Amino acid sequence: MKDPETATVFAGLDGRTDTELPEWYAEQHGGPEPISFSEAIRTLPQAVDTAVAYRNPYSDEWVETERFNAIVEPSRLQAEADGDAEEESLFHIPTDSYSIINPVDVYGPLEEVLREETIDGTPLGEVMFGEIRRYRGGGEVHMDIMFDGLEVRLPGRSDPITMGVTSGYDFFGEHAVYVEGFAQDGYCSNTMRSLTDKEVIKHIGDVRNFRTWWEELLAQVELVADDLFEFIRDAQEIDLDFSELPFTVTEFYTLLGFPDYLAERAAGDAEANAASPFEIDMWTLHSGATYALTHFFQGKEGASLDQYVRIANDILFNPEGTIERVEQAYEQELAADGDDGSQASLAGERALASIERVSDDLQEKVEQFEEREDALRERFQEAMG
């Protein structure tokens, strides 16, 4: 991802909590001492609205309009008036239907929930940690919030996969307030995004009760933590034998839709971590994809990243759909390479048959995945009331 303008690491809810970063996270985020989440939220830029006017070029007069409002940062307005502004105060000029949602509006109710919700008897606010990233003068913000102890531990690994949420917003009318399930693998620092459906609140109309919103979302994350280990374990038992497939590991990722530069990084990581570079399980293939997205993605957080995250997650949570997608893409390539739309060559037909055999071998495991997914969805619905 593109580097943020600033990144703030936090640990603990407020000054009353004595929270240290987990050792694996501290090693990855060396630097200044972390501050509390409450302090980090309150140092983020705020937004207010003010009147907008346009200049009539014929009279050289400025005419105010009530149809639009300027979204501005108030402390920067003061700095501009004093002549010592370092950043522009204007974020956006939306219509008058735009509702400002400031950081404390969203994350203040989360603070209340984290004081009450517990893990093994400890309030979540005492075990929370993560990072807040600012872009475009702080008008766009994304953050990872994790909970030490809400985790998945894999055999043979000393560092856990720690669960939490990723959330963000902007004041430019592009990113609504969002939150979704998230995890970070302490073993390799790969991030796993979109582990729950993305919940969104737009800057239009009535703003809902954020406290209830957070309570429901955190309940979902705890359910995912319970099931993620089982998904990973099952995925570790599903191997793709690339010596029998008509494409390389790199081509596997490009057939799924990854650009070449990400496909090469993903394949390199998957081959390095597999017991054999020719026989790679779906968990390792998923991990290769998250490695590429975490460390080498050249786009921005948001929609451009989300499309590839969905592909990566399907490798883990929907292996059958992943194989079908690869097969369809390969078949389309064969058709495009054919002469005047003629049928695929005998070699191509054999190649498709080899993919079909892999798909057939997956069927028994796929049924286990579908049953687990159905059970998880039912629990989601119960948690959401």
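Now for a description of the structure that goes with this document.

## Side note on helix H7 (residues 260–273)
Then, in step 1: Its 14 residues place the ends of H7 20 Å apart at the C-alpha level, agreeing with the 20 Å of an ideal helix rising 1.5 Å per residue.
Then, in step 2: Of all the residues in H7, the buried ones are Leu262, Ala263, Ala266, Ala267, Asp269 and Ala270. Angular distribution of buried residues about the axis of H7 spans 165 degrees; they occupy a single face of the element. Exposed positions of H7 whose direction lies more than 90 degrees from the buried face are Asp260, Glu264 and Ala272.
Then, in step 3: Elements in contact with the buried residues of H7: helix H6 (249–256), strand S14 (279–281) and helix H8 (282–296).

## Let's talk about the sheet that holds strand S2 (residues 48–56)
Then, in step 1: One open sheet holds the three strands; their spatial order is S2-S3-S4, and the pairing between them is antiparallel. In this open sheet, the two edge strands, each paired with only one partner strand, are S2 and strand S4 (90–92). Taken over all neighbouring pairs, the strand axes of this sheet differ in orientation by 55 degrees on average, direction set aside.
Then, in step 2: Of the pairings in the sheet, the one linking S2 to strand S3 (residues 61–72) comprises nine bridges and is antiparallel in character. Opposite Asn56, over in S3, you have Glu61 as the bridge partner.

## Focus on unusual backbone geometry
Then, in step 1: Of note in this structure, Asp120 is not a glycine but carries a positive phi near 55 degrees.
Then, in step 2: Backbone geometry at Ser194 places phi at a positive 55 degrees, although glycine is not the residue there.
Then, in step 3: Within the secondary structure, Ser194 sits in the loop between strand S11 (191–192) and strand S12 (199–201).

## Some words on the side chain of Arg76
Then, in step 1: Mapped onto the secondary structure, Arg76 falls in helix H3 (residues 74–82).
Then, in step 2: Looking at Arg76, its side chain comes within polar contact range of the main-chain oxygen of Gly137, at 2.5 Å.
Then, in step 3: When residues no more than four places from it in sequence are discounted, the contact partners of Arg76 are Pro45, Ala85, Glu87, Glu88, Ser89, Phe91 and Gly137.

## A look at the packing of aromatic side chains
Then, in step 1: Following the criterion strictly, the structure yields 21 aromatic pairs and no others.
Then, in step 2: For the pair Trp213 and Trp214, a centre-to-centre distance of 5.3 Å together with 70 degrees between the ring planes defines the contact as edge-to-face. Just as Trp213 is buried, Trp214 falls in that class too.
Then, in step 3: Aromatic pair Phe297 and Tyr308: ring centres 6.0 Å apart, planes at 65 degrees, arrangement edge-to-face. Remark: Tyr308 occurs in helix H9 (residues 303–317) and Phe297 occurs in the loop between H8 and H9; sequence separation between them is eleven residues.
Then, in step 4: Overall, Phe297 belongs to the buried group, its relative accessible area being 5%.
Then, in step 5: In this structure, Lys198 is placed above the aromatic ring of Tyr178, and the distance from its NZ or CZ to the ring centre is 4.7 Å.

## What about H8?
Then, in step 1: Look at H8: 21 Å from first C-alpha to last across 15 residues, which is about the 21 Å you get at 1.5 Å a residue.
Then, in step 2: Counted residue by residue, H8 has twelve buried out of 15 residues, so it is predominantly covered.
Then, in step 3: Those residues of H8 that sit buried are Met282, Trp283, Thr284, Leu285, His286, Ser287, Gly288, Ala289, Thr290, Ala292, Leu293 and Thr294.

About the criteria used
- Residues numbered from 1 in each chain as written.
- Predicted model: local features only at pLDDT ≥ 70, side-chain atom pairs only at ≥ 80, totals over all residues.
- Heavy atoms only, no water.
- Helix = DSSP H or I, 4+ residues; strand = E, 2+ residues; numbered from the N terminus.
- Expected span 1.5 Å × (residues − 1).
- Buried < 20%, exposed > 50% of the residue type's maximum accessible area, 1.4 Å probe, protein only.
- Arc of directions from axis to C-beta.
- Contact = heavy atoms within 4.5 Å.
- Pairing = 2+ DSSP bridges.
- Axes fitted to C-alpha atoms, helices over the stretch in contact; angles between N-to-C directions.
- Polar contact = N/O pair within 3.5 Å; in protein donor to acceptor, adjacent residues only side chain to side chain.
- Phe/Tyr/Trp six-rings, centres within 6.5 Å; stacked < 30°, edge-to-face > 60°.
- Lys NZ or Arg CZ within 6 Å of the ring centre and 35° of its normal.

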